[in-house]
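Topology and contacts: notes
Take a look at the letters that make up each chain.
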Amino acid sequence: MARPARAPLLRRLLLLAALAASCSYYLLVLQAQASAPPRYDGFAYGGGAAAAWKDAVLVEAFLDPLCPDSRDAWHPLKLAVERYAPRVSLIVHPFPLPFHTYAFHACRALYIANKLNSSSTYPLLELFFKNQEKFYNSAASSLSAPAVAAEMSKMAAQTVGNSVSEFLSGFSDRRTDTAARVSFRVSFPRYVT
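Thresholds, definitions, all that
- Residues numbered from 1 in each chain as written.
- Predicted model: local features only at pLDDT ≥ 70, side-chain atom pairs only at ≥ 80, totals over all residues.
- Heavy atoms only, no water.
- Pairing = 2+ DSSP bridges.
- Helix = DSSP H or I, 4+ residues; strand = E, 2+ residues; numbered from the N terminus.
- Right-handed = clockwise from strand over helix to strand, strands pointing away.
- Buried < 20%, exposed > 50% of the residue type's maximum accessible area, 1.4 Å probe, protein only.
- Core = buried A, V, L, I, M, F, W, Y, C linked by side-chain atoms within 4.5 Å.
- Contact = heavy atoms within 4.5 Å.
- Salt bridge = Lys/Arg side-chain N within 4 Å of Asp/Glu carboxyl O.
- Polar contact = N/O pair within 3.5 Å; in protein donor to acceptor, adjacent residues only side chain to side chain.

For the protein chain, the name recorded in an unreviewed UniProt entry is Thioredoxin-like fold domain-containing protein, with Urochloa decumbens as its organism.

So this is what it looks like as C-alpha cells:
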C-alpha cells in the first residue's frame, strides 16, 4: 500500500515548526540574559541603607514618580523606614506605569540625577511628587517628548546642582535610557513582550 503524498510534506512542516520554536526559545533566552542589570537595580534610601541590607529587613518599593498613589504612599513609607532604621532598609525601584504618558521620562530623570549627584535622587523624586500635575497626561498632551525632557531638566537642575543643559544631556545618554528600561524589565518581566 502506498503512502499518501502528504506525509513527507507534513513531516517537513512539523520539523520546520520545531526548528522555529527552538530558535525562538534560544533568542528569548539570549535576550533575557543580555538585559540582566550589571548590579542590583534601584536606589537605596538613607545613608547606611546599602551597608545594612545583610542585617535588616529589606523593603522594596516600586514607585512611579507621576503616580498619585505612589506619591501618597511615599511619605508614610519614608517615615516608617526612618523610624525603624537601621533594622529596616529601603530600596526604591523606579517603575513607570504605562498609563502615565511621561512616567518613563521621570524615571529616566531619576537615573540622570543619580548619575550626576547621587544624594539628589530622593529630593528629585519628592519634587516630582509635588509637581505631578505638570506632567499628567492632560497637562502634557500638547508637549513633545523633547519638550517634556527640557521641562523636567529645568525642574531638576536646581535639585541636582547641575546646569539645565548638563541635566538635559543625560536624556541623550544611552546608559540612562538602558538603565530605566532594564529596571522596568527586571522588575516586571511579564509585562514586557
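Looking at chain direction, strand 2 (residues 57–63) and strand 3 (residues 88–94) are connected through 7 bridges and run parallel. If you follow Glu60 over to strand 3, its bridge partner there is Ile91. On the question of chirality, the crossover connecting strand 2 to the parallel strand 3 by way of helix 2 (residues 68–84) is right-handed.

What follows concerns the pairing of strand 3. Of all 7 residues that make up strand 3, 7 are buried, and the element is covered over most of its length. Burial of strand 3 is two-sided: the residues Val88, Leu90, Val92 and Pro94 facing one way and the residues Ser89, Ile91 and His93 facing the other way are all buried. Here strand 1 (residues 43–44) pairs with strand 3 via 2 bridges, running antiparallel. Bridge pairing links Ala44 to Ile91 in strand 3.

This paragraph deals with the nonpolar core. Counting 34 residues, the largest nonpolar core has Trp74, Leu124, Phe128 and Phe167 as its most contacted members. Elements supplying a minimum of two residues to this core: strand 2, helix 2, strand 3, helix 3 (103–116), helix 4 (121–130) and helix 5 (145–160). The element contributing the most residues to this core is helix 3, with 7 residues. In contact with Trp74, not counting residues within four places along its chain, are Tyr45, Leu63, Leu90, Val92, Tyr122, Glu126 and Phe129.

Before going further, it helps to examine the sheet that holds strand 2. The strand order 1-3-2 describes an open sheet built from 3 strands, whose pairing is mixed. The sheet is open, and its two edges are formed by strand 1 and strand 2, each paired on a single side.

Here the focus is the pattern of salt bridges. Applying the stated criterion to the full structure yields 7 salt bridges. Its salt-bridge partner being Lys115, residue Asp173 comes within 2.4 Å of it at the nearest N-O pair. One end of the pair, Asp173, is in the loop between helix 6 (164–169) and helix 7 (174–187); the other, Lys115, is in helix 3, and 58 residues separate them in sequence. The class of Lys115 is partly exposed, set by a relative accessible area of 49%.

On to the environment of Glu166. Inspection of the secondary structure puts Glu166 in helix 6. Given a relative accessible area of 38%, Glu166 falls into the partly exposed group. For the pair Glu166 and Leu116, spaced 50 residues apart in the sequence, the C-alpha separation amounts to 9.0 Å. Only 2.9 Å separates the side chain of Glu166 from the side chain of Asn162, close enough to count as a polar contact.

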